[in-house]
Amino acid sequence: MQTGLGISYLLFANQFFHYVFCQFNIHSLCTTDWYNVIFCAIIVLPLSLINNMVYFYIPSLLSTVFLFIGIIAQLIYDVEYIERARHFWPELASSLADFHILNLPLFFGVAIFAFEGIGVMFDIKNSMEKPKKFKNILSYNLLFLTIIYSMFAAMSNTAFGENTPDVVLFSMPKSAPYLLVQCLYAVAALLTYPL
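Residues numbered from 1 in each chain as written. Predicted model: local features only at pLDDT ≥ 70, side-chain atom pairs only at ≥ 80, totals over all residues. Heavy atoms only, no water.

A. Main features of the overall build of the protein chain. From N to C terminus, the protein chain includes nine helices and zero strands. Secondary structure elements in the protein chain, listed N-terminal to C-terminal, are α-α-α-α-α-α-α-α-α. When each of the 195 residues of the protein chain is scored for burial, the buried share is 30%. Taking the contacts inside the protein chain whose residues are at least 6 apart along the sequence as the reference set, 75% of them involve residues at least 24 apart. For the protein chain, the exposed area adds up to about 13,100 Å²; of that, 69% sits on carbon and sulfur atoms. (Helix = DSSP H or I, 4+ residues; strand = E, 2+ residues; numbered from the N terminus. Buried < 20%, exposed > 50% of the residue type's maximum accessible area, 1.4 Å probe, protein only. Contact = heavy atoms within 4.5 Å. Areas by Shrake-Rupley, 256 points an atom, 1.4 Å probe, with all protein chains shown as cover.)

B. View of the packing of helix α4 (residues 57-84) against helix α9 (residues 176-191). Between α4 and α9, the least distance of the axes is 8 Å, while the angle of their chain directions is 145 degrees. In the packing of α4 onto α9, the handedness of the crossing is left-handed. Across from Pro59, Leu62, Ser63, Phe66, Leu67, Ile69, Gly70, Ala73, Tyr77 and Glu80 in α4, the residues of α9 making contact are Tyr178, Val181, Leu184, Tyr185, Val187, Ala188 and Leu191. For the contact of α4 with α9, a count of residues per class yields 14 nonpolar, two polar and one charged. (Axes fitted to C-alpha atoms, helices over the stretch in contact; angles between N-to-C directions. Left-handed = near helix turned anticlockwise from the far one by under 90°. Nonpolar A, V, L, I, M, F, W, Y, C, P; charged D, E, K, R; others polar.)

C. The arrangement of the nonpolar core in detail. By size, the foremost hydrophobic cluster in this structure holds 32 residues, and its most contacted members are Ala13, Phe16, Phe17, Phe66, Met172, Leu190 and Leu191. Of all the elements in the fold, those that place two or more residues in this core are α1 (2-23), α3 (34-48), α4, α8 (134-160) and α9. It is α9 that contributes the most residues to this core, eleven residues altogether. If we ignore the near neighbours within four places in the chain, the residues touching alanine 13 are Cys40, Ala186 and Leu190. One finds Leu75, Ile148, Phe152 and Val168 within the second-largest nonpolar core, a separate group that totals five residues. (Core = buried A, V, L, I, M, F, W, Y, C linked by side-chain atoms within 4.5 Å.)

D. Structural context of α4. Between its first and last C-alpha atoms α4 spans 40 Å; for 28 residues at 1.5 Å apiece the expected length is 40 Å, and the two agree. Where α4 is concerned, the buried positions are Pro59, Ser63, Phe66, Gly70, Ile71, Ala73, Gln74, Leu75, Tyr77, Asp78 and Ile82. (Expected span 1.5 Å × (residues − 1).)

E. Fine view of the side chain of serine 63. Tracing the chain through its elements places serine 63 in helix α4. Of the polar contacts made by the side chain of serine 63, one reaches the backbone oxygen of serine 60; its length is 2.8 Å. (Polar contact = N/O pair within 3.5 Å; in protein donor to acceptor, adjacent residues only side chain to side chain.)

F. Looking closely at the environment of leucine 138. Within the fold, leucine 138 resides in helix α8. Sequence separation of leucine 138 and lysine 125 is 13 residues, and the distance between their C-alpha atoms is 9.8 Å.

G. Inspection of a nonpolar patch on the surface at higher detail. A contiguous nonpolar surface patch, about 540 Å² in accessible area, is contributed by Val54, Tyr55, Tyr57, Ile58 and Leu62. As for its placement among the helices and strands, leucine 62 is situated in helix α4. (Patch = residues over 30% accessible without salt bridge, like charges linked within 9 Å, V, L, I, M, F, W, Y side chains within 5 Å. Salt bridge = Lys/Arg side-chain N within 4 Å of Asp/Glu carboxyl O.)

H. Region of the structure containing the environment of leucine 75. Assignment of secondary structure puts leucine 75 in helix α4. Taking relative accessible area as the criterion, leucine 75 reaches 15% and is therefore assigned buried. Separated by 94 residues in the primary sequence, leucine 75 and leucine 169 place their C-alpha atoms 10.0 Å from one another.

In structure tokens, the structure reads:
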């Protein structure tokens, strides 16, 4: 399972870099995926050689900051998009009525992927100064993440409805600040890869 998740991380980051390079019209990086793979390898390989979890606090902290920048930027864009849309409320009512129960397995697959990380829980607990507090910290973090993920998904789906792209961050405008946010999101995925 961890190998599959690792490969999906790399594909996800590669897709982001490909999108950003194409938007900046960097044709040599846009036309071939090998450059993106090499770029990802430059970040991932040195981090993969680290054996001690203690050294991952800086990359983990950076990736958390980058992820929150991406989430906040997408939420701001969603709110702006909803405010500009004049046909929003009738479409929202129709999209809520079109709920398909057959898409529920897809939801659970994505939700399980979002909370992936079970492999590092014991390492984190063992590296804590007070391991007895791990259960409370884990519970609060999972509650916080569930709220953030639910709000993020609900706002993006509310804003774009049926037109929501598979990677919702690709719905952002093609301006430099939003492309930077997308790059940071891809780097965040790469920084958490070795964990």
